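# Observations on chain architecture
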Amino acid sequence: QVQLVESGGGLVQAGGSLRLSCAASGTFFSINDMDWYRQAPGKQRELVARITSAGITNYADSVQGRFTISRDNAKNTVVLQMNSLKLEDTAVYYCHAQIRTQYQGSYWGQGTQVTVSS
């Protein structure tokens, strides 16, 4: 059974930094895109950053220049480094990945809370 397990959320003051990690476990052939999404209270879940298996990245305009996504294909992990955090970054952050087992599937982590305080 494939699982994505996140870690690294927490409480931080505005202007601070946090690092989120996500590790894929289980039996699978390959991982394609890996992403971070977030969902703030009362809002829809939105894509924050994406990284392809080749290392190509793209970011939401709201985090461009402040967040960095990276991955380690050997360890099946993806990391979101978040700097210069703002109050509006407060949300539950979810790891997501397209993983190929017998089929191509979409997998989500359980979510980790990030709270930015003033």
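These notes cover the structure that comes with them.

Calculation rules
Residues numbered from 1 in each chain as written. Predicted model: local features only at pLDDT ≥ 70, side-chain atom pairs only at ≥ 80, totals over all residues. Heavy atoms only, no water. Phe/Tyr/Trp six-rings, centres within 6.5 Å; stacked < 30°, edge-to-face > 60°. Helix = DSSP H or I, 4+ residues; strand = E, 2+ residues; numbered from the N terminus. Buried < 20%, exposed > 50% of the residue type's maximum accessible area, 1.4 Å probe, protein only. Lys NZ or Arg CZ within 6 Å of the ring centre and 35° of its normal.

## Looking at the packing of aromatic side chains
Taken as a whole, this structure holds two aromatic pairs when the rule is applied. Relative to W108, the ring of Y94 lies with its centre 6.4 Å away and its plane at 85°, an arrangement referred to as edge-to-face. In this pair, Y94 is assigned in strand β9 (residues 91–100) and W108 in strand β10 (residues 104–108), connecting sequence segments 14 residues apart. Accessibility expressed as a relative area gives 37% for W108, which makes it partly exposed. Among the aromatic residues, those joined into a ring-pair cluster are Y37, Y94 and W108. The side chain of R45 reaches across the aromatic face of Y94, ending 3.7 Å from its centre.

## Some details on the environment of K75
Here K75 lies in the loop between β7 (67–72) and β8 (77–82). For the pair K75 and A23, spaced 52 residues apart in the sequence, the C-alpha separation amounts to 7.7 Å.

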